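Take a look at the letters that make up each chain.
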Amino acid sequence: MAVKRGADIIVDVLLAEGVDTIFGLPGGAIMEVYDALFDAPFRNILTRHEQAAAHMADGYARASGKVGVVMATSGPGATNLVTGLATAFMDSVPLVAITGQVPRHYIGTDAFQEADVVGITRPITKHNFLVTDIKDLPLIIRQAFYIARTGRPGPVLIDVPKDITQQKSDYRIPTDDEVEKSLPGYKPHVEGNYVQIKKAAEFIRKAKRPVLYVGGGVIISGASEELKELAELTKIPVTTTNMGKGAFPETHPLALHMLGMHGTYYANMAVYNADLLIAVGARFDDRVTGKIQEFAPEAKIIHIDIDPASISKNITVDVPIVGDVKNVLKKLIKELKKKPFEWEKAREAWLKQIEKWKNEHPLTYEKSDKVIKPQYVIEEVYNITKGDAIITAGVGQHQMWAAMFYKYSFPRQFLNSGGLGTMGYGFPAAVGAKIARPEKEVIAIEGDGSFIMNIQDIATAVQYRIPVKVVIINNEFLGMVRQWQEFFYDSRYASVCLSVQPDFVKLAESFGAVGLRAKKPKEVRPVLEEAMSINDRPVIIDMVVDREENVLPMVPAGKSYREMLLSPGEKGKAETMYLVG
Amino acid sequence: MEQEIKTVKLRPEPPKRIGRHIIVVRVQHNFGVLTRITNLFASRGYNIESLTVGVTHEPNIARITIVVKGDERVIEQIIKQLRKLIETLRVRDITTIPHIERELVLIKVHTGDEKARDEIMRLVNIFRAKIVDVSIDTYTIEVTGDTNKIEAFIDLLRPFGIKDLARTGTLAISRESAKYKYAKQIE
């Protein structure tokens, strides 16, 4: 038993949890903790805005698989975390946020920088705590980490009143066993029901046109190897969601790439015509399904997910399997191997049909040697990094192009705000990812609209010499909204024009970063080469692209896959392609 | 290039049957746990008909009885979402297993003339209610029962003029006497 002040107890428990990096910004109510951090062996990243701190911790967590830690002060400090927490919550990212709160005797008095942070963050965290007694502090911090990283991961917030951080108390760090026992209502299902797994194996043997529909759960669970083994064993083609990118190598012959709203023609055709859909760590989001009544209309559905509430939420499932994806896939593979089966023969016709779809409508775009096509920029980023970089993205058209035209081959390679769709996520997430994986090239694909939402944190990247590259797909528009206005609102471009914007090159330089620009297609490669040669500072690359390029193919929101708008053909305009099963 | 679609394939949808469900939740009796539950209902758009909460014989455990209307999928989601809360210990839908439902109501009713007084007294006896307070022109009546009985009683008192009314919402508990017979359904 040692006697320490609350702030030092926090530091000790964080050390015991193996934390090495903390992102955040101090203020009155959290000062005591920052004072304790001053002598602590953490990498302490001072950001310029708390939202960026939350996204950095998120990028750090997604890139490494560890729990990200973010700190902020009470009131505005904590409310600035809200978007970051909601982003992490939607994408099941393990975070622990520690916020200062006004001293206990001020709570409820509308004190300076007071906000009901536990109330505000309740619906956007997996769980949250207000520490009311210093005796609970060590257990609460350990519970927070345990809850954040187990089951379906998510952000957990701990609100600590300032007087508790200043108070002295004896304490002991609770053991793992004590932490588990202190949460009697929290028992994630990880094993998977054997009867259901057996049933799933039977369904797979019987299926003629099966598709694996893979989401971020495979990455979180670390089940990429098992997934590959299953796909290769049973010769089932694999389509991934935006969150699932990297779970299955996109260069693999069985890869169908992304499905859904901006999915490939062949992925959507395969799903539409499938007789068995095996959903693995995915949650039937509306951006995937489109019109739910017409989603995979003839398919039986097997759904493997650790979160029981994800199963039969949006769509009724035939074989629900609640469990950790890795465990379940291992058992499923074992079950499938029990009886010999001629998989090649069973899949021959189906894979041939898919090959035909792939050849008919590959992922493509209209090339140009006059203006820079955004897709071309992504392809060149892919080429110059040999497909080995970690890519982050903001939200909008550039995010979709980054998803479509970079071929991902390993888990935790593509980080973006899939669920919440948070603009401004890409750049700070890249900084967090680079801190977690310094040996990797980390590139943020950003939009001009998205980047500017967290542009202040270039200063942070410069201060800590984080050599991330930011590739701005600059079309001087809120491009995705503009695209929707073009397609669905008679091209009435309401409030989307961003032609008044900073000179991104000068802006980068003013922060002490490197600024580069390409205006013509032939400049893209040299500019990227120059950027790649710089490794001591962030590099901001302004890619001035075709202003009105559209993201295609596209299934309009709430529509069936039948009503997919395809890539521009000879007519140069998107045409509606009706899929017939 | 638009091909005409002759048949649109639809996923087979299970029929939607909206019903009233009684869900019993045991939770750790922590600060803010009730807010977590009501928040969950509000943020996911579920309609609570009634919610009753109280501490149990174990002082660190509270029991919440929720009455909610919805189709099977909504009810299933509600139960799953409730189970997902960290402080939830147990969630059961006891609608289809034998159980006892009770509500308590306090009603202030205008008494008016002697005839009205007699009539109200008669109703109080029939419904096994109790008069717990009397003033010059009102009775305050206490009655317990399931929702149907309570509704019927209130409707009968309505013509006399109800001055005020307080209801607890439904409390429910499964019947121990039927436990073995229905053990399988209790999961």
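What counts and what doesn't
- Residues numbered from 1 in each chain as written.
- Chains lettered and ligands numbered in written order.
- Predicted model: local features only at pLDDT ≥ 70, side-chain atom pairs only at ≥ 80, totals over all residues.
- Heavy atoms only, no water.
- Helix = DSSP H or I, 4+ residues; strand = E, 2+ residues; numbered from the N terminus.
- Rg over C-alpha atoms; globule rule 2.2 N^0.38 Å.
- Buried < 20%, exposed > 50% of the residue type's maximum accessible area, 1.4 Å probe, protein only.
- Domains from an automatic or database assignment.
- Contact = heavy atoms within 4.5 Å.
- Buried area = accessible area lost by both parts, 1.4 Å probe.
- Salt bridge = Lys/Arg side-chain N within 4 Å of Asp/Glu carboxyl O.
- Polar contact = N/O pair within 3.5 Å; in protein donor to acceptor, adjacent residues only side chain to side chain.
- Pairing = 2+ DSSP bridges.
- Axes fitted to C-alpha atoms, helices over the stretch in contact; angles between N-to-C directions.
- Core = buried A, V, L, I, M, F, W, Y, C linked by side-chain atoms within 4.5 Å.

Undergrad: Give me the lowdown on the overall build of chain A, citing residues and values where you can.
TA: Within chain A, the regular secondary structure consists of 24 helices and 22 strands. Rg of the C-alpha trace for chain A: 24 Å, near the compact-globule value of 25 Å for 581 residues, within the 12% margin. Considering only C-alpha atoms, chain A reaches an extent of 70 × 60 × 40 Å along its principal axes. A buried classification covers 61% of the 581 residues belonging to chain A.

Undergrad: Now, about the domain arrangement of chain A: what can you tell me, with residues and values included?
TA: Reports often express the size of an interface as the amount of accessible area lost when the parts come together. Residue and element names in this part refer to chain A. Partitioning chain A into structural domains gives domain 1 (2–181), domain 2 (194–360) and domain 3 (374–551). Contacts between the two partners involve 26 residues from domain 1 and, on the opposite side, 27 residues from domain 3. Taken together, both faces of the contact between domain 1 and domain 3 bury some 2,100 Å²; the carbon and sulfur share is 63%. Considering only the side of domain 1, the residues that lose the most area to domain 3 are Arg-48, Arg-62 and Ala-63, jointly responsible for 28% of the buried surface there. The interface formed by domain 1 and domain 3 contains 0 salt bridges. The interface formed by domain 1 and domain 3 contains 12 residue pairs in polar contact (both at pLDDT 80 or more). The biggest single contributor to the side of domain 1 that touches domain 3 is helix H3 (residues 50–64), with 11 residues.

Undergrad: Would you mind going over the sheet that holds strand S1 (residues 19–28) of chain B in detail, with residue names and values included?
TA: Residues and elements named next belong to chain B. Pairing is antiparallel in the open sheet, where 4 strands are placed in the order S2-S3-S1-S4. Of all strands in the sheet, those with a lone pairing partner are strand S2 (48–55) and strand S4 (88–93), marking the two edges. Taken over all neighbouring pairs, the strand axes of this sheet differ in orientation by 15 degrees on average, direction set aside. One ladder, built from 10 bridges, connects S1 with strand S3 (residues 61–70); its direction is antiparallel. By the bridge assignment for S3, Ile-23 is matched with Ile-66.

Undergrad: Which residues make up the side chain of A:Asn550, and what are the values?
TA: Residue and element names in this part refer to chain A. The topology assignment puts Asn-550 in the loop between strand S20 (539–544) and strand S21 (564–565). For Asn-550, a relative accessible area of 13% translates into the label buried. A polar contact of 2.8 Å, which involves the side chain of Asn-550, links it to the side chain of Arg-482. In contact with Asn-550, not counting residues within four places along its chain, are Gln-375, Gln-397, Trp-401, Arg-482, Gln-483, Glu-486 and Phe-487.

Undergrad: Quick one: what's the story with the nonpolar core, residue by residue and with numbers?
TA: Residue and element names in this part refer to chain A. Ranked by size, the top nonpolar core spans 51 residues in total, and within it Phe-23, Phe-427, Val-431, Phe-451, Ile-458 and Ile-540 carry the most contacts. Among the elements that make up this core, the one with the highest residue count is H3 (8 residues). Each of two domains, domain 1 (2–181) and domain 3 (374–551), supplies a minimum of three residues to this core. In this structure, Leu-14, Ala-36, Ile-158 and Tyr-171 belong to the second largest nonpolar core, which totals 40 residues.

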